[in-house]
Amino acid sequence: MAIPIPFNSQGIWGLESQGAPTVTATDVTFNFESHPHISTPYNGLLLVNITTAIPSGTTGTLPIFFKTGNRAARAVTKANGAPLTVADITGTGYYLFFYNYRTGVLRATTSIV
């Protein structure tokens, strides 16, 4: 029997980016502090506060990754499964994502800036 993965009964979880994003020739990575709930089974909405803008002049087609603590960076996708890119992050502010713990998919839903 499969054990259901719970949704957060306490509301939408939130994270805040730490410092400037890391920009390389292949991607842009936003860094987040470790969070006590990161390793818990969670399917649901995630509100992310991007606190520092991606530097101007960064190639708009570079994919976005999120990295929390000492965990591996995770690719962020759009609703159609395509990579979220620099062109999709219009500045600082709050962005809404959906995270599926079972599949590991982190998908952007819409900007709330």
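Residues numbered from 1 in each chain as written. Predicted model: local features only at pLDDT ≥ 70, side-chain atom pairs only at ≥ 80, totals over all residues. Heavy atoms only, no water.

Novice: How should I be thinking about the overall build of the protein chain in this particular structure?
Specialist: Counting its secondary structure elements, the protein chain contains zero helices and eight strands. Expressed as a percentage of the 113 residues in the protein chain, the buried residues total 35%. By sequence separation, contacts in the protein chain at least 24 residues apart represent 65% of the contacts at least 6 residues apart. Total accessible area on the protein chain is roughly 6,600 Å²; 58% of this is exposed by carbon and sulfur atoms. (Helix = DSSP H or I, 4+ residues; strand = E, 2+ residues; numbered from the N terminus. Buried < 20%, exposed > 50% of the residue type's maximum accessible area, 1.4 Å probe, protein only. Contact = heavy atoms within 4.5 Å. Areas by Shrake-Rupley, 256 points an atom, 1.4 Å probe, with all protein chains shown as cover.)

Novice: How do you make sense of the pattern of salt bridges when you look at a structure like this?
Specialist: Oppositely charged side chains are able to pair whenever their charged atoms sit close together. Under the counting rule described, the total for this entry stands at one salt bridge. One salt bridge in this structure joins Asp88 and Lys78, with 3.2 Å as the shortest N-O distance. Of the two residues, Asp88 sits in the loop between strand E6 (74-77) and strand E7 (93-100) while Lys78 sits in the loop between E6 and E7, which places them ten residues apart along the sequence. Asp88 sits in the partly exposed class, given a relative accessible area of 27%. (Salt bridge = Lys/Arg side-chain N within 4 Å of Asp/Glu carboxyl O.)

Novice: In this structure, what is going on with the pairing of E6? I would like to understand it.
Specialist: Working note: regular strand, side chains alternate between the two faces of the sheet. Both strand E5 (residues 64-68) and E6 contribute to a ladder of two bridges, which runs antiparallel. The residue of E6 that forms the bridge with Phe65 is Ala75. Connecting the antiparallel pair E5 and E6 is a turn made up of five residues, with Gly69 showing a positive phi of about 55°. (Pairing = 2+ DSSP bridges.)

Novice: Where do I start with the nonpolar core in this structure?
Specialist: One broad trend across soluble globular proteins is that nonpolar side chains are buried collectively. Membership of the largest hydrophobic core comes to 22 residues, with the highest contact counts inside it found for Phe30, Ile64, Phe66 and Phe97. Taken together, the elements giving at least two residues each to this core come down to strand E1 (13-16), strand E3 (28-32), strand E4 (43-50), E5, E7 and strand E8 (105-111). Once residues within four sequence positions are removed from consideration, Ile64 is found in contact with Val28, Phe30, Ile54, Arg74, Ala75, Val76, Leu84, Thr85, Val86 and Ile89. (Core = buried A, V, L, I, M, F, W, Y, C linked by side-chain atoms within 4.5 Å.)

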